[in-house]
Amino acid sequence: MPRSFPPEFVFGAATAAFQIEGAAAEHGRGPSIWDTLCARPGAILDGSDGSVACDHYHRWEHDLDLLAGLGLRAYRFSIAWPRIKPQGNGEVEERGLAFYDRLVDGMLERGIEPFATLYHWDLPQALEDKGGWRNRDTAFRFAEYAAVVQHRLGDRVRTWTTLNEPWCSAFLGHASGEHAPGMTDPVAAITAAHHLLLGHGLAAEALHGGRRPASVGIVPNLYRVTPASDSPADLDAARRLDGVQNRWYLDAVLLGSYPADIVEDYAPLTDLSFVQDGDLDTISARLDWLGINYYSSFLARGLDAPRVPAPRERPTPWVGCEDVETVPNGRPVTHMGWDIEPSGLTDILVRLATDYPSLPLYVTENGSAWDDVVTDGAVHDPERVAYLEAHLAACLDAIDRGVDLRGYFAWSLLDNFEWAWGYSRRFGLVRVDYDSQERIPKDSAHRYAEIVRSRSLG
Ligand code: FCB
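An account of the accompanying structure is given in this report.

Calculation notes
Residues numbered from 1 in each chain as written. Predicted model: local features only at pLDDT ≥ 70, side-chain atom pairs only at ≥ 80, totals over all residues. Heavy atoms only, no water. Helix = DSSP H or I, 4+ residues; strand = E, 2+ residues; numbered from the N terminus. Rg over C-alpha atoms; globule rule 2.2 N^0.38 Å. Buried < 20%, exposed > 50% of the residue type's maximum accessible area, 1.4 Å probe, protein only. Contact = heavy atoms within 4.5 Å. Areas by Shrake-Rupley, 256 points an atom, 1.4 Å probe, with all protein chains shown as cover. Lys, Arg positive; Asp, Glu negative; His and termini not counted. Charge placed at Lys NZ, Arg CZ, Asp CG, Glu CD. Expected span 1.5 Å × (residues − 1). Bend = angle between axes of the 7 residues up to and from the residue. Axes fitted to C-alpha atoms, helices over the stretch in contact; angles between N-to-C directions. Left-handed = near helix turned anticlockwise from the far one by under 90°. Nonpolar A, V, L, I, M, F, W, Y, C, P; charged D, E, K, R; others polar. Phe/Tyr/Trp six-rings, centres within 6.5 Å; stacked < 30°, edge-to-face > 60°. Salt bridge = Lys/Arg side-chain N within 4 Å of Asp/Glu carboxyl O. Near = heavy atom within 4 Å. Polar contact = N/O pair within 3.5 Å; in protein donor to acceptor, adjacent residues only side chain to side chain.

Let's shift gears to the overall build of the protein chain. Helix and strand counts for the protein chain come out as 15 helices and 17 strands. Against the compact-globule benchmark of 23 Å for 458 residues, the protein chain has a radius of gyration of 21 Å, which places it among compact chains. Here the C-alpha coordinates of the protein chain stretch approximately 55 × 55 × 45 Å along the principal axes. By the burial criterion, 60% of the 458 residues in the protein chain qualify as buried. Taking the intrachain contacts of the protein chain between residues at least 6 apart in sequence as the baseline, contacts between residues at least 24 apart amount to 77%. Carbon and sulfur atoms make up 52% of the accessible area of the protein chain, which amounts to about 17,000 Å² in all. Each charge sign in the protein chain was given a centre, from 42 positive and 66 negative side chains, and these centres are 3 Å apart.

Rendered as structure tokens:
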């Protein structure tokens, strides 16, 4: 029996500005922390950067045609803060705004609803020079930038995401150093996480206070965390990993408090004195929907002693979990080495609907990287097709269990710059040849189009 999606269920695809746009120095765009990190020797696996990427800044019409050709009616894209405010503060760059103006009009002309993300990791370097997200002031600058963008696009864009994956910005950026700004200071990471969330709250306030109706969400990256056994050490490992990865963000935004057990775990490092009165009220004010980026799940095991990183190995991004390791689930992994666990997505959606009821949910990212090859002008990617089908089935399982899931965005429309992995990992439904900039829809793109057209998984 084919299983059908509800009639109003939204199918889309997602991208992010730094990963696809290129044109890094065009039309007054200022440098971002990712430009800076890319210039640091050894930071990016293949030594690449975002200066050209998918050249989407010049090829956006064709890329929107691709989306429309797949029958997708929604596009989750991000706006580059350094194009709008090249210095992070002050002067607004009209040519940057004009680009997104054209892009949004292009979506509407093709019947595609824009889902705009305001921060997908490309902080203006000028703000990093003043302390970046370690500096409370950045949260206020973010809200100002959000207001500028909404003022310009809010007549056509209704759905806004403040932050994409604040855990990554904070902990991959400041604890493990894998992401920009490439620091390895655990306290800086915890501080940055708070200021990011404060920025979310202030930006949400600004968007809701604008003249146009705004539907505002935030997008954490969530994982199902299961103890590897029922030993006390494994149970505690799972509690902590779930706490720092999932609950820290969910509780702050949805309950207005940080989880007490993790506050206690962090106590030897910081008393959280950067959290000021009223911050958590701001952070937990009205939220219209929640986006979930889901890729994988964790089996957590507690170790007898904290792991000491080998020479040249990065410190763990999971501050407070130095004596925790994640163990493979024994099944095949993607090209990222990530466990494939579709049931984890259902479990997360059901958990959210249970723990934080009445909140509309979207899967804002889900997808897989594979070492694709081009054969006679086509890309046969059965693994990506299987991953897509299994995760869409997991969405249907959640809907069957009463979850208010409104839509699904595949990551990604295009192969693109996969952060510290450079161009060595391909997540696209559409292949990008980085030399010719030719686009080739893969088998997974054709399969997704078929699912979207029939609104069912046959
Ligand atoms: C997510 C990011 C996205 C992309 C995918 C693979 O963490 O939001 O930009 O890199 O992972």
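Still to come is the rest of the account.
Before going further, it helps to examine helix 10 (residues 232–255). Side chains three or four residues apart in an α-helix point the same way, a direct result of the helix having 3.6 residues per turn. Between its terminal C-alpha atoms helix 10 stretches only 28 Å, short of the 34 Å expected from 24 residues at 1.5 Å a residue. The axis of helix 10 is deflected most strongly, by about 50 degrees, at Arg-247. Gly-256 sits one or two residues past helix 10 and shows a positive phi near 75 degrees.

Contact geometry of helix 9 (residues 186–209) with helix 10 gives a least axis separation of 11 Å together with a crossing angle of 35 degrees. As helix 9 runs across helix 10, the sense of the crossing is right-handed. The residues of helix 10 that touch helix 9, namely those facing Ala-193, Leu-197 and His-200, are Trp-248, Tyr-249, Ala-252 and Val-253. Classifying every residue of the contact of helix 9 with helix 10 gives six nonpolar, one polar and no charged.

For the coordinates displayed, the defined rule picks out 38 aromatic pairs. With centroids separated by 6.2 Å and ring planes inclined at 75 degrees, the aromatic side chains of Tyr-119 and Phe-142 adopt a geometry described as edge-to-face. Taken together, the positions of Tyr-119 in strand 4 (residues 113–119) and Phe-142 in helix 7 (residues 137–153) put the pair 23 residues apart, joining distant regions of the chain.

Attention now moves to the pattern of salt bridges. Scanning the model with the defined rule gives 41 salt bridges in all. The closest approach of N and O atoms between Arg-95 and Glu-93, which form a salt bridge, is 3.0 Å. When its relative accessible area of 42% is taken as the criterion, Arg-95 is described as partly exposed. A salt bridge links Asp-137 to Arg-141; its shortest N-O distance comes to 2.7 Å. Placement of the pair is Asp-137 and Arg-141 together in helix 7, with a separation of four residues, close to one helical turn. Taking relative accessible area as the criterion, Asp-137 reaches 33% and is therefore assigned partly exposed. What you see here is one network of salt bridges that share partners, running through Asp-236, Arg-239, Arg-240, Asp-242, Arg-247, Asp-261, Asp-265, Asp-323, Arg-351 and Asp-355.

Turning next to the site of the ligand. With respect to spatial proximity, the complete set of residues near the ligand consists of Gln-19, His-120, Trp-121, Asn-164, Glu-165, Asn-293, Tyr-295, Glu-365, Trp-411, Glu-418, Trp-419 and Phe-427. Between the ligand and Asn-164, the relevant distance is 2.9 Å, taken from an oxygen atom to a side-chain nitrogen or oxygen of the residue. A distance of 3.0 Å separates an oxygen atom of the ligand from a polar side-chain atom of Glu-365. Expressed as a share of its isolated accessible area of 290 Å², the protein-covered part of the ligand is 95%.

The next thing to look at is the packing of helix 7 against helix 9. Contact pair helix 7 / helix 9: the axes reach a minimum separation of 8 Å and the direction vectors enclose 30 degrees. Both helix 7 and helix 9 take part in a crossing whose hand is right-handed. Contact residues: helix 7 offers Ala-139, Phe-140, Phe-142, Ala-143, Ala-146, Ala-147 and Gln-150, while helix 9 offers His-195, Leu-198, Gly-199, His-200, Leu-202, Ala-203, Ala-206 and Leu-207. Looking at the contact of helix 7 with helix 9 residue by residue, the class counts come to 11 nonpolar, four polar and no charged.

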